[in-house]
Amino acid sequence: MKFEEINRPGWTEQFWSKVHRARKSECWEWQGARYHGRYGYFKDRVTDPNTNKHITLKAHRYSYLLHFNEIPTGLLVCHHCDNPGCVNPHHLYLGTNQRNVQDAGDRGLIPHKKGTEHGRSKYPEETIEQIFVLRYINKLPLARIAKELEISEGLVCDVLSGRRWQHKHQEWNGKYNR
Ligand SMILES: [Zn+2]
């Protein structure tokens, strides 16, 4: 979706009135309503230009659109800072889809880090695989998945986008995301 497809007069001013704007390196905390006390939400019942369905527009997604103009269909907006309430555009990135991850991997752009072997992941492979099951089979929102598995939403986002556990991404995506 594109910014101009979704934005309405006055929304930008309203958005900034609910943001605690700090320095570029710091998190900009959303002061408005939070979804389960985590992700900020900005607008209810916004019509998704791609599906014509009503969606809730999350604050960090609005921030991404405001600063970068477009979120390609199906892509997630993830947090570098692992803070769901942060709307600092410098802390946001687009979760690449499977093809992009694969292409980047083939070109050697993404180091082939292994999940548990890498040392950063303290979770067993079965837990990480469950993220794909809950997302694509049970169709749960990211916040619910994080809660069910007792992991951070940042990790859920990173795993689904292929930023982490990249070596298993293609396999699990093919298995569950059909
Ligand atoms: Zn942040």
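Reference entry: report on the structure contained in this document. (Residues numbered from 1 in each chain as written. Predicted model: local features only at pLDDT ≥ 70, side-chain atom pairs only at ≥ 80, totals over all residues.)

## Quick notes on the overall build of the protein chain
Then step 1. Helix and strand counts for the protein chain stand at 9 helices and 7 strands.
Then step 2. Out of the 178 residues belonging to the protein chain, those deemed buried represent 27%.
Then step 3. Within the protein chain, counting contacts between residues at least 6 apart in sequence, those at least 24 apart form 53% of the total. (Helix = DSSP H or I, 4+ residues; strand = E, 2+ residues; numbered from the N terminus. Buried ≥ 20, exposed ≤ 12 C-beta atoms within 10 Å, placed from the backbone. Contact = placed C-beta atoms within 7 Å.)

## Points about the sheet that holds strand S3 (residues 34-35)
Then step 1. Read across the open sheet, the 3 strands follow the order S3-S4-S5; overall the sheet is antiparallel. The open sheet has two edge strands, S3 and strand S5 (54-58), and neither has a second partner.
Then step 2. Looking at chain direction, S3 and strand S4 (residues 39-47) are connected through 2 bridges and run antiparallel. Residue pairing across strands places Tyr35 opposite Tyr39, the latter belonging to S4.
Then step 3. Across the sheet, helix H3 (residues 59-68) touches S4 and S5, and the angle it forms with S4 is around 75°. (Pairing = 2+ DSSP bridges. Axes fitted to C-alpha atoms, helices over the stretch in contact; angles between N-to-C directions.)

## Describing the nonpolar core
Side chains that are nonpolar tend, in soluble globular proteins, to be buried together.
Then step 1. Ile131, Ile145, Val156 and Val159 are the most contacted members of the largest nonpolar core, which totals 26 residues.
Then step 2. For this core, the secondary structure elements donating two or more residues are H3, strand S6 (76-79), helix H6 (125-137), helix H7 (142-149) and helix H8 (153-161).
Then step 3. Both domain 1 (3-95) and domain 2 (98-176) contribute no fewer than three residues apiece to this core.
Then step 4. Sequence-distant contacts of Ile131, that is, excluding residues within four places in its chain, are made with Ile145, Leu149, Val156, Val159 and Leu160. (Core = buried A, V, L, I, M, F, W, Y, C linked by C-beta atoms within 7 Å. Domains from an automatic or database assignment.)

## With respect to the pairing of S4
Then step 1. In sequence, S3 turns back onto S4 through a hairpin of 3 residues, with His36 there showing a positive phi of about 50°.
Then step 2. Direction of pairing for S4 relative to S5: antiparallel, over a ladder of 4 bridges. If you follow Thr47 over to S5, its bridge partner there is His54.
Then step 3. Connecting the antiparallel pair S4 and S5 is a turn made up of 6 residues, with Asn52 showing a positive phi of about 65°.

## A look at helix H9 (residues 166-176)
Then step 1. All of the buried residues in H9 are Gln166, His169 and Trp172. What you see down the axis of H9 is that its buried residues fit within an arc of 95°, all on one side. Along H9, the residues that are exposed and aim more than 90 degrees away from the buried face are Glu171 and Gly174. (Arc of directions from axis to C-beta.)

## Thoughts on unusual backbone geometry
Most peptide bonds are trans, and most residues other than glycine sit at a negative phi.
Then step 1. Of note, the phi angle at Asn52 is positive, near 65°, even though the residue is not glycine.
Then step 2. Structurally, the position occupied by Asn52 is in the loop between S4 and S5.
Then step 3. C-beta crowding within 10 Å serves as the criterion here: with 7 such atoms nearby, Asn52 is assigned to the exposed category.

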